[in-house]
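# A closer look at the structure
Below, each chain spelled out in residue letters.
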Amino acid sequence: MARQRHLNNAPITEALIDLRVKLPVETQDAKLILSLHERIRERFPHEKEIQHVEYRFESGPPQKEKTTSSHIGYRYDSADGRQVIQARLDGLTFSWLKPYETWEVLRREAFSVWQLYQDVMKPEAITRVATRYINQIEIPGPLIDFDDYLTAGPIVPKALPQALASFFTRIVVPDEKNQVTAIITQVFQPGANPQVAPVILDIDVIKEKLFESESAAWDTIDSLRAIKNLAFFDSITEKTAELFE
């Protein structure tokens, strides 16, 4: 594992804070979110509807496919494309895209938007919080031993050629001590540049519970960041961390 510290050129392509909620019956209308947009339109001018689509197969013969969709919220993108708000009937997600700044900026902006969402939608309770960081680690090639860069890289059975065209791994780790779940996903898919191996390291840390207050939910979000940092630095080697100093 790598030593935890600030990385001046951290490989973060997206960082997000997510809150899930229970709404009262009177605000379970996605069009109410439009009044939120009126308050942020200058900074987030781009609007798209978010649709929830379900596919169902009905037994036959003949077998039929049935598709239903419902309007569940809106997506708002900032003018520069670096921040994204997803305001939905089940909650709020605030994302910061590359180039990333700091946790303090991400949290402050997310909390500001949350206050607007809370004022408009009046949630009865917060039921789930999460922090998620998606990193793209560009490993210099062309000949690469992933074990030099990842602590839990892919393993090829010894009887087979020791080469990889791509890989995908996903582990779900229940943390009983902290009552959270960490999902760590690693993906390698060669890009156009044969001299670089781009590896996605996606870390999602989640806590599901009925929070007793808004402050308790946000305190938990702060604690999830620490667990995310532990998972990140424990997933890479010192050689990897040095690429981003």
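The structure contained in this document is the topic of the report that follows. (Residues numbered from 1 in each chain as written. Predicted model: local features only at pLDDT ≥ 70, side-chain atom pairs only at ≥ 80, totals over all residues. Heavy atoms only, no water.)

### Topic: the environment of R132
To keep it simple, the criterion reads: Secondary structure elements follow DSSP: runs of H or I of four or more residues count as helices, runs of E of two or more count as strands, with numbering from the N terminus. Here a residue-residue contact requires only that any non-hydrogen atoms of the pair lie within 4.5 Å. Under the rule applied, a polar contact is a pair of N or O atoms within 3.5 Å (in protein, one hydrogen donor and one hydrogen acceptor; residues adjacent in sequence only if both atoms are side-chain atoms).
Mapped onto the elements of the fold, R132 is located in strand β6 (residues 125–140). Sequence spacing of R132 and L32 is 100 residues, and the spatial spacing of their C-alpha atoms is 27 Å. In this view, R132 contacts E14, A15, L16, D202, I203 and D204; residues no more than four positions away in its chain are not counted. In terms of polar contacts, R132 uses its side chain to reach the side chain of D202, at 2.5 Å.

### Here's the deal with the side chain of N135
Put simply, the rule reads: Buried residues are those whose accessible area, probed at 1.4 Å on protein chains only, stays under 20% of the maximum for their type, while exposed residues exceed 50% and partly exposed ones sit between those limits.
Inspection of the secondary structure assignment puts N135 in strand β6. Take N135: its relative accessible area is 3%, and that puts it in the buried class. Sequence-distant contacts of N135, defined by excluding residues within four places in its chain, comprise P11, I12, T13, V199, I200, L201 and F232.

### Section: the layout of surface pockets
Selection rule: A cavity here means a set of 1 Å grid points, computed over protein atoms only, where a 1.4 Å probe fits but cannot escape. A pocket is an open set with protein on both sides within 12 Å along at least 5 of 7 lines, and lining residues have an atom within 4 Å of a point. Grid points are joined across faces, edges and corners, and a volume is the space filled by probe spheres set on the points. Lys, Arg, Asp and Glu make up the charged group, whereas Ala, Val, Leu, Ile, Met, Phe, Trp, Tyr, Cys and Pro make up the nonpolar group; the residues left over, Gly among them, are polar.
Its boundaries defined by the atoms lining it, the largest pocket holds a volume of some 590 Å³. Mapped onto the lining of the largest pocket, the elements with two or more residues apiece are β1 (12–22), α2 (103–121), β6 and α3 (214–235). In terms of residues, the lining of the largest pocket owes the most to one element, α3, which gives 5 residues. Classifying every residue of the lining of the largest pocket by side-chain character gives 11 nonpolar, 8 polar and 7 charged. Quantified by volume, the second largest pocket comes out at close to 490 Å³. Lining the second largest pocket are 21 residues, and of these I144, F146, Q162, A163 and L164 sit closest to its centre. Of the residues assigned to the lining of the second largest pocket, the class counts are 15 nonpolar, 4 polar and 2 charged.

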